[in-house]
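# Architecture at a glance
Residue-level listing of the chains:
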Amino acid sequence: LSGNELKTLPRSFPALGRLRRLNLDSNAFVSLPDLVKQMKTLSHLSIDGNLFDEEEKARIQRQFNLWPN
(Lines give C-alpha, C1' and ligand atoms only; values in the text may rest on other atoms or scores of the structure.)
Protein backbone atom coordinates (compact mmCIF):
# COMPACT_ATOMS: atom_id res chain seq x y z
CA LEU A 1 0.00 0.00 0.00
CA SER A 2 2.99 2.29 -0.39
CA GLY A 3 2.75 5.65 -2.12
CA ASN A 4 -1.03 6.09 -1.95
CA GLU A 5 -1.36 9.22 0.21
CA LEU A 6 -3.33 7.19 2.76
CA LYS A 7 -4.23 8.88 6.05
CA THR A 8 -6.38 6.09 7.49
CA LEU A 9 -7.19 2.43 7.00
CA PRO A 10 -10.68 0.95 6.72
CA ARG A 11 -12.15 -0.39 9.97
CA SER A 12 -12.39 -3.83 8.37
CA PHE A 13 -8.62 -3.97 7.84
CA PRO A 14 -7.91 -6.32 10.80
CA ALA A 15 -10.15 -8.89 9.07
CA LEU A 16 -7.11 -9.62 6.92
CA GLY A 17 -6.17 -12.12 9.61
CA ARG A 18 -3.49 -13.92 7.61
CA LEU A 19 -1.60 -10.82 6.50
CA ARG A 20 2.08 -11.10 7.46
CA ARG A 21 3.72 -8.18 5.63
CA LEU A 22 2.39 -4.64 5.45
CA ASN A 23 4.10 -1.80 3.61
CA LEU A 24 2.65 1.61 4.42
CA ASP A 25 5.69 3.57 3.19
CA SER A 26 5.30 7.00 1.59
CA ASN A 27 1.76 7.76 2.65
CA ALA A 28 0.28 10.64 4.68
CA PHE A 29 -0.13 9.01 8.11
CA VAL A 30 0.54 11.35 11.05
CA SER A 31 -0.01 8.53 13.54
CA LEU A 32 0.10 4.78 13.19
CA PRO A 33 -3.48 3.50 12.86
CA ASP A 34 -4.63 1.59 15.94
CA LEU A 35 -5.96 -1.08 13.59
CA VAL A 36 -2.38 -2.13 12.82
CA LYS A 37 -1.87 -3.04 16.49
CA GLN A 38 -4.76 -5.50 16.24
CA MET A 39 -3.06 -7.47 13.47
CA LYS A 40 -1.26 -10.17 15.46
CA THR A 41 -0.02 -12.09 12.40
CA LEU A 42 2.17 -9.23 11.09
CA SER A 43 5.83 -10.12 11.04
CA HIS A 44 6.94 -7.16 8.89
CA LEU A 45 5.70 -3.58 9.02
CA SER A 46 7.26 -0.81 6.94
CA ILE A 47 6.19 2.78 7.66
CA ASP A 48 9.00 4.97 6.29
CA GLY A 49 8.21 8.24 4.53
CA ASN A 50 5.08 9.21 6.45
CA LEU A 51 4.34 12.43 8.36
CA PHE A 52 5.10 11.14 11.89
CA ASP A 53 6.47 13.73 14.30
CA GLU A 54 9.28 12.74 16.67
CA GLU A 55 6.87 11.98 19.52
CA GLU A 56 4.84 9.58 17.36
CA LYS A 57 8.02 7.89 16.11
CA ALA A 58 9.11 7.33 19.71
CA ARG A 59 5.65 5.94 20.61
CA ILE A 60 5.78 3.50 17.69
CA GLN A 61 9.27 2.39 18.70
CA ARG A 62 8.15 1.75 22.29
CA GLN A 63 4.97 -0.01 21.26
CA PHE A 64 6.65 -2.39 18.82
CA ASN A 65 9.96 -2.68 20.72
CA LEU A 66 11.89 -1.19 17.80
CA TRP A 67 15.17 0.54 18.50
CA PRO A 68 17.47 2.16 15.96
CA ASN A 69 21.04 0.87 15.70
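Structural data are supplied above this passage.
Below, the structure is looked at part by part. (Residues numbered from 1 in each chain as written. Predicted model: local features only at pLDDT ≥ 70, side-chain atom pairs only at ≥ 80, totals over all residues. Heavy atoms only, no water.)

## Considering the overall build of the protein chain
When its secondary structure is counted, the protein chain shows two helices and two strands. Listing each helix as α and each strand as β along the protein chain from the N terminus yields β-α-β-α. Seen through its C-alpha atoms, the protein chain measures out along the principal axes to roughly 30 × 25 × 15 Å. Counting every position in the protein chain, which comprises 69 residues, the buried fraction comes to 29%. The distance from the centre of the 10 positive side-chain charges to the centre of the 8 negative ones in the protein chain is 11 Å. (Helix = DSSP H or I, 4+ residues; strand = E, 2+ residues; numbered from the N terminus. Buried < 20%, exposed > 50% of the residue type's maximum accessible area, 1.4 Å probe, protein only. Lys, Arg positive; Asp, Glu negative; His and termini not counted. Charge placed at Lys NZ, Arg CZ, Asp CG, Glu CD.)

## Digging into the side chain of asparagine 50
Relative to the helices and strands, asparagine 50 is located in the loop between strand S2 (44-46) and helix H2 (54-63). Among the polar contacts listed, one links the side chain of asparagine 50 to the backbone nitrogen of phenylalanine 29, at a separation of 3.2 Å. A distance of 2.9 Å separates a polar side-chain atom of asparagine 50 from the backbone oxygen of isoleucine 47. (Polar contact = N/O pair within 3.5 Å; in protein donor to acceptor, adjacent residues only side chain to side chain.)

## What to know about the environment of threonine 41
Looking at where threonine 41 falls in the secondary structure, it is placed in the loop between helix H1 (34-37) and S2. With 24 residues separating them in the primary sequence, threonine 41 and glycine 17 have C-alpha atoms 6.8 Å apart. Discounting chain neighbours no more than four positions away, the residues touching threonine 41 are Gly17, Arg18, Leu19 and Arg20. A polar contact is formed between the side chain of threonine 41 and the backbone oxygen of glycine 17, at a distance of 3.1 Å. (Contact = heavy atoms within 4.5 Å.)

## Some thoughts on the environment of serine 31
Here serine 31 shows up in the loop between strand S1 (21-23) and H1. Its relative accessible area of 35% is what places serine 31 among the partly exposed residues.

## Some remarks on H2
Between a side-chain oxygen at the N-terminus of H2 and the backbone nitrogen of glutamate 55 the separation is 3.2 Å; the capping residue is aspartate 53. With its phi angle positive at about 55 degrees, asparagine 65 sits one or two positions after the end of H2.

## A closer look at the pattern of salt bridges
Pairing between side chains of opposite charge can happen when the charged atoms of each approach one another. Tallied over the entire structure, the rule returns three salt bridges. A salt bridge links aspartate 34 to lysine 37; its shortest N-O distance comes to 2.4 Å. With aspartate 34 and lysine 37 both in helix H1 and three residues apart, the pair spans about one turn of that helix. (Salt bridge = Lys/Arg side-chain N within 4 Å of Asp/Glu carboxyl O.)

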